[in-house]
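Tertiary structure, described
Each chain is listed here by its residues.
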Amino acid sequence: MEQTLVIVKPDAVARGLIGEVIRRFEAEGLVVCGLRMVGLAQKEAEGFYQVHRHQPFFDSLTHFMTSGPCVAMVLEGEGAIRRVRTLMGATDPLKADEGTLRRSFAASIEKNVVHGSDSVESAALEIPYFFCRLGIFPVVGRGEIS
Ligand code: IDP
Ligand code: MG
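Please read these numbers as outputs of a predicted model, since none were measured by experiment. (Residues numbered from 1 in each chain as written. Chains lettered and ligands numbered in written order. Predicted model: local features only at pLDDT ≥ 70, side-chain atom pairs only at ≥ 80, totals over all residues. Heavy atoms only, no water.)

**Structural notes on the sheet that holds strand 3 (residues 70-77)**
Strand pairing in a sheet relies on backbone hydrogen bonds. The paired strands run either parallel or antiparallel. Filter applied, for reference: Here the rule is simple: two strands pair whenever DSSP picks up at least two bridges between them. Numbered from the N terminus, helices here are DSSP runs of H or I no shorter than four residues, and strands are runs of E no shorter than two. To obtain an axis, a line is fitted to C-alpha atoms, over the contacting stretch when the element is a helix, and the angle between two such axes runs from 0 to 180 degrees between their N-to-C directions. By the convention used here, residues are in contact when the closest approach between their heavy atoms is within 4.5 Å.
The four strands are arranged 2-3-1-4 in an open sheet whose pairing can be described as antiparallel. Two strands in the sheet have a free side with no partner beyond their single neighbour: strand 2 (31-38) and strand 4 (114-116). Between one strand axis and the next, the sheet turns through 20 degrees on average, direction left out of account. Summarising the sheet, strand 1 (residues 2-8) and strand 3 pair through seven bridges and their orientation is antiparallel. Each bridged residue has a counterpart across the sheet, and for V8 the counterpart in strand 3 is V71. Of the strands in this sheet, strand 1, strand 2, strand 3 and strand 4 touch helix 2 (residues 18-27), which is tilted by about 160 degrees from strand 2.

In structure tokens, the structure reads:
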């Protein structure tokens, strides 16, 4: 079963769109199998977007990604990488198809709501950037282990 890394970007978190983004993926049968809220440090955003380090928008993009919390998740399903990209729409919301997340909600080519891995190779690098397979998870409240 294929897995992909999705990020609800700071613009979407700030606008109260976490639920709507997740709903659209779940409605298409993609399964959330990892989820966390993260405030990226500048170095972490730069590391994540290393492939774009020579792009003119790199500084602006990495500052945007540190401007508030993100929600990172792993979505699983057959062809998950391609299906997530289709539901996201093109990078530029003006070029994104009707009904896609970016067409519906993105304010600009930069503040475009959502990230999704673009290939099996990038998913394999991006998932461990945010998630480890084994470990002790933080608990809020008074959960008891039975
Ligand atoms: P993608 O997110 O659709 O895969 P990429 O080309 O990988 O698009 O670019 C990564 C992110 O960088 C985009 O989602 C967007 O936030 C930002 N970005 C891409 N192109 C531009 C641009 O021309 N100006 C400003 N920001 C951009
Ligand atoms: Mg990309």
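**Points about the site of ligand 1**
Applicable threshold: Residues are labelled near a given molecule or strand when at least one of their non-hydrogen atoms is within 4 Å of it. N or O atoms closer than or at 3.5 Å make up a polar contact, with two conditions inside protein: a donor-capable atom paired with an acceptor-capable one, and, for residues adjacent in sequence, both atoms drawn from side chains. The accessible surface values rely on the Shrake-Rupley method and a 1.4 Å probe; as for residues, cover is taken only from the protein chains in view. Cavities and pockets are found on a 1 Å grid laid over the protein atoms alone: a cavity is a set of points where a 1.4 Å probe fits but cannot escape, a pocket is an open set with protein on both sides within 12 Å along at least five of seven lines, and a lining residue has an atom within 4 Å of such a point. Assignment to a cavity or pocket requires that more than half of a molecule's atoms be within 2 Å of the site's grid points. Here the nonpolar group is Ala, Val, Leu, Ile, Met, Phe, Trp, Tyr, Cys and Pro; Asp, Glu, Lys and Arg are the charged ones; every other residue, Gly included, is treated as polar.
Taken together, K9, Y49, H52, F57, L61, R85, T91, R102, I109, E110 and N112 make up the full set of residues near ligand 1. A distance of 2.8 Å separates an oxygen atom of ligand 1 from a polar side-chain atom of R85. For ligand 1, an oxygen atom lies 2.9 Å from a polar atom in the side chain of N112. In isolation ligand 1 exposes 520 Å². Once the protein is present, 78% of that is buried. Of the pockets mapped on this structure, ligand 1 occupies the largest pocket. For the shell around ligand 1, the residue count by class is four nonpolar, three polar and four charged.

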